[in-house]
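Fold and contact review
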Amino acid sequence: MIRFSVARGSSTAHHLRSRMDIKNLDAAPPFITKDGSEIRELLAHRNSVIRNQSLAEARVPVGGSTQEHYHARTEEIYFITAGCGRMRIEGETAEVKAGDAVAIPPGKKHKLWNTGSETLKLLCCCSPTYEHSDTIITEGNDKG
C-alpha cells in the first residue's frame, strides 16, 4: 500500500490540487444545442482534460420540449435531477422524473418534453463528446 503524506499549506499540496480539473455548474456559460436545449457543459474536450466523453446539465422550461433528433455516433445517458417529463425513443414513450436515468443508444431518435410545473433539469453524459455536427434533427419543435 502506498501512502501519501502532504503537509497543509505546502507547495506540494498546492501542486497536487492544481492538477485536478474541477468545474462548477454556476460558472458554466449556457448555450443552445442544435435540438433547442439550453445546456451548461461541465466537462468536455473544449474546457477540460476529458477527451472521450462529455457531461452537461440541460434545462427544459415548463411546457417546453427538445426537437426530435438522433446522434449518429454518440450514445447518451440522461439523468433527471429535477422536475418531470415525457421521454420518447424510437416511438416508445415513458414518463420520467427526478432520479431516473435514461439510456439512449446512437442512431435512436429521441425527444423530451417537460410535463411538470418546474424547469426540467437533467445531466447529459455523452460518449464520444456532444457535437452539433453529430446531431441530426428529424422534426420541428412540436408540443405533441
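Coordinates for the structure precede this section.
Parameters at a glance
Each chain has its residues counted from 1, running along the sequence as written. In keeping with the model being predicted, local features are shown solely for residues with a pLDDT of at least 70 and side-chain atom pairs are shown and tallied solely at 80 or more, while totals for entire chains, interfaces and linings include all residues. Processing note: side-chain calculations cover all non-hydrogen atoms of the structure and skip hydrogens and water entirely. For helices the rule is a DSSP run of H or I covering at least 4 residues; for strands it is a run of E covering at least 2, with both sets numbered from the N terminus onward. Here, any two strands with at least 2 DSSP bridges between them count as paired. A contact between two residues is defined here by any heavy atoms of the two lying within 4.5 Å. Relative accessibility thresholds used throughout: buried, under 20% of the residue-type maximum; exposed, over 50%; partly exposed, between the two (1.4 Å probe, protein chains only). What qualifies as a polar contact is a pair of N or O atoms within 3.5 Å, subject to a donor-acceptor requirement within protein and to the restriction that residues adjacent in sequence count only when both atoms come from side chains.

1. Notes on unusual backbone geometry
Across the junction of S127 and P128, the peptide omega takes the value -5°, indicating a cis bond. Turning to its location among the elements, P128 is positioned in the loop between β10 (120-127) and β11 (135-137). Although it is not a glycine, E90 adopts a positive phi angle of roughly 50°. Relative to the helices and strands, E90 is located in the loop between β6 (84-89) and β7 (92-97).

2. A closer look at the pairing of strand β5 (residues 75-82)
Both β5 and β10 contribute to a ladder of seven bridges, which runs antiparallel. Bridged to E75 within β10 is S127. The pairing of β5 with strand β8 (residues 101-104) spans four bridges and is antiparallel. Its bridge partner lying in β8, I77 is registered against A103.

3. Examining the environment of L25
Inspection of the secondary structure assignment puts L25 in the loop between α1 (11-18) and β1 (30-32). Through-space distance from the C-alpha of L25 to that of R40 is 7.1 Å; in sequence the pair is 15 residues apart. In this structure, L25 is in contact with R40, L42, E57 and R59, ignoring residues within four places of it in sequence.

4. Focus: the side chain of R88
Along the chain, R88 turns up in strand β6. For R88, a relative accessible area of 17% gives the class buried. Within the structure, R88 has its side chain in polar contact with the side chain of E68 (distance 3.0 Å). In contact with R88, not counting residues within four places along its chain, are E68, T93, K109, H110, K111, W113 and E139.

Don't take any of this as a statement about function, it's just geometry.
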